[in-house]
Amino acid sequence: MTTTLQDCQALDAADPLRRLREQFQIPEGTIYLDGNSLGVMPASAPARVAQVVTQEWGTDLIQSWNRHGWFQMPGKVGDKIARLIGAGPGEVVATDSTSVNLFKVLSAALAMVQADAPQRKRIVSERSNFPTDLYIAQALCRQHGMELVLVEPEEIATSLTAEVAVLMLTHVNYRTGAMHDMAALTAAAHAEGILTVWDLAHSAGAVPVDLTEAKADFAVGCGYKYLNGGPGAPAFVWVNPLHTDRFWQPLAGWWGHAAPFAFTPDYRPAPGITRYQCGTQPMISLAALECGVDTVLAAESMGGMAALRAKSLALTDLFIGLVQQRCAGHGLGLATPREHARRGSQVCLTRDEGAYAIVQALIARGVIGDFRAGDGGLHKDILRFGFTPLYIGFEDVWHSVEHLRQVLDSGEWQRPEFNRKHAVT
Ligand SMILES: *Cc1c(COP(=O)(O)O)cnc(C)c1O
């Protein structure tokens, strides 16, 4: 059955979440399919940031640490993020970057394993994991005399052997949008005595996550993607309460001290997740991040992450169906799993030639997606489209596929200006 523009408009009219879009300032004439890379600005952010700058910083100055709760901000925002990832209050802090937080939790995981099972010398991860995760793991392997073993998704289960210390995975793959079964892989790892570290960069605010139910060990995630926290927003870190107090994390700064204002020369880690803070935290950025997290929490009264997930799947199903229906014969492949249980909130198309230029031609038309380079082998060049159900509607999906069809039918993407590479793709 073919889908029409009118069908898409009817889906928007019947969408119980459609008003959530009013929380955002979406540029005129833009269909923004890149919320998986940098979320749209919440409409509340400019005034809130201005207030932090002019009132809290400008007028109240140093007193704001107490008067405006600055000191508690990482935990306050962390508690809000916790509600989106199946964590409890006091288990998450919003702090530092994803890369830095990964360094902390992976270090803690390795320290835990080395105490109990020093013969375990491997970290297992996925070859197409986001590179920063692999770089951080490589650095720690050099430091600890360990080995990073990279496998394809279907090889993970058989790679969980007695030599492995940690299984480090990104829940939703940044290139393909493929989603792992967190609970099943965590159970499989634990059965072999292996700890798990999960990166939720493409999961938090995008798909339901239940770290507690999955019995995961450590998790980190990103503030500027589906949490709409702004460029370079603080990331977050969660540690299973069973482990939190067992080890110092390696970046033992004073914000992770049990009594930072005692100014004692000896480090004594704070109980709980607070010890995962290092130094003084960015208040302006945390205020913007809180605005972003609040845009996701606004769905709580409308069915929460389950409702957002249902809409996200409907959007990605529609996009896949329309691409098939309207762009057939143009050499597009699908890198994202069709199976709902294995799909995140993005759709990735492949094409042997011109993927970068097609994305550029779409951007020139106001349809913002992005391009991720392949490796010339198993992993192909990708046209990546993220669907944030908070602000993307079904008619947006229709128009984005229509633009894609026109770009392909006309050969517009072959124009030289669309074939010049920028520094950031
Ligand atoms: C986006 C992303 C990051 C980003 O890390 P930064 O430290 O914020 O630059 C890390 N890991 C994954 C899997 C990501 O998708």
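Before going into details, it helps to say that this report is about the structure given with it. This is a predicted model, so every value here is computed, not measured.

Another aspect to go through is the pattern of salt bridges. In the structure shown here, the tally under the stated rule is 24 salt bridges. A salt bridge links R48 to E56; the shortest N-O distance between them is 3.2 Å. For R48, a relative accessible area of 22% translates into the label partly exposed. Judged by relative accessible area, E56 falls into the buried class, the value being 5%. Here the salt bridges share partners, and the residues they tie into one network are K76, K80, E290 and D294.

Now for the layout of surface pockets. The computed volume of the largest pocket comes to approximately 770 Å³. The set of elements that each furnish at least two residues to the lining of the largest pocket consists of α8 (182–191) and α9 (211–214). When residues in the lining of the largest pocket are grouped by element, the largest group, three residues, is from α8. Looking at the lining of the largest pocket, its residues break down into 15 nonpolar, seven polar and 10 charged. A domain split of the lining of the largest pocket shows at least three residues from each of domain 1 (5–32 + 304–419) and domain 2 (49–298).

Under the criterion given, the structure shown has zero disulfides. Between C278, a free cysteine, and C222, which holds the nearest cysteine sulfur, the sulfur-to-sulfur gap is 19 Å. The class of C278 is partly exposed, set by a relative accessible area of 23%. As a non-bridged cysteine, C291 has C222 as the owner of its nearest cysteine sulfur, 17 Å distant.

Around the ligand, the neighbouring residues are S97, T98, S99, F130, T132, D133, T170, D199, A201, H202, Y224 and K225. In the environment of the ligand, a nitrogen atom lies 2.9 Å from a nitrogen or oxygen atom belonging to the side chain of D199. H202 places a polar side-chain atom, nitrogen or oxygen, 2.9 Å from an oxygen atom of the ligand. Relative to its unbound accessible surface of 390 Å², the ligand loses 87% to contact with the protein. Contributing elements (two or more residues each) for the shell around the ligand: α5 (98–116) and α6 (131–144). Class assignment for the residues of the shell around the ligand results in three nonpolar, six polar and three charged.

Quick look at the packing of helix α12 (residues 355–364) against helix α13 (residues 394–410) now. Put simply, α12 and α13 touch, their axes get as near as 10 Å, and they point 120° apart. By the angle between their directions, the pair α12 and α13 is classed as oblique. Our pair here, α12 against α13, has a crossing hand that is right-handed. Contacts between α12 and α13 involve I358, A361 and L362 from the first element and S400, H403, L404, V407 and L408 from the second. Split by residue class, the contact of α12 with α13 holds six nonpolar, two polar and no charged.

Reading the values: the criteria
- Just so you know, the residues in each chain are numbered from 1, in the order the chain's sequence is written.
- Given that the model is predicted, a residue must reach a pLDDT of at least 70 before its local features are reported, and side-chain atom pairs must reach 80 or more before they are shown or counted; all residues, however, enter totals for whole chains, interfaces and linings.
- Hydrogens and water molecules were not included; the side-chain quantities draw on all heavy atoms of the structure.
- We define a salt bridge as a side-chain nitrogen of Lys or Arg found within 4 Å of a carboxyl oxygen belonging to Asp or Glu.
- Note on classification: 1.4 Å probe, protein chains only; a residue is buried when its accessible area is under 20% of the maximum for its type, exposed when over 50%, partly exposed between these limits.
- Only protein atoms enter the calculation, which uses a 1 Å grid: trapped sets of points that fit a 1.4 Å probe without letting it out are cavities, open sets showing protein on both sides within 12 Å along at least five of seven lines are pockets, and any residue with an atom within 4 Å of a point is a lining residue.
- Grid points are joined across faces, edges and corners, and a volume is the space filled by probe spheres set on the points.
- The helix count covers DSSP runs of H or I at least four residues long, the strand count covers runs of E at least two residues long, and both are numbered beginning at the N terminus.
- Residues are grouped as follows: nonpolar covers Ala, Val, Leu, Ile, Met, Phe, Trp, Tyr, Cys and Pro; charged covers Asp, Glu, Lys and Arg; every other residue, Gly included, is treated as polar.
- These domain limits were set by an automatic method or by a database of domain assignments.
- Any two cysteine sulfur atoms lying within 2.5 Å of each other are counted as a disulfide.
- Proximity is defined per residue: any heavy atom of the residue falling within 4 Å of a molecule or strand makes that residue near it.
- Side-chain atoms alone can form a polar contact between residues adjacent in sequence; in general such a contact is a pair of N or O atoms within 3.5 Å, and within protein one must be able to donate a hydrogen while the other accepts it.
- Computed by Shrake-Rupley with a 1.4 Å probe, the accessible areas treat only the displayed protein chains as cover when residues are assessed.
- To define axes, lines are fitted to C-alpha atoms, for helices over the stretch in contact only, and angles between the resulting N-to-C directions are given on a 0 to 180 degree scale.
- We call two directions roughly parallel when the angle between them is under 35 degrees, roughly antiparallel when it is over 145, roughly perpendicular when it lies between 65 and 115, and oblique otherwise.
- Here a crossing is taken to be left-handed if its near helix is turned anticlockwise relative to the far helix by less than a right angle, and right-handed if that turn runs clockwise.
- We call two residues in contact whenever any of their non-hydrogen atoms come within 4.5 Å of each other.

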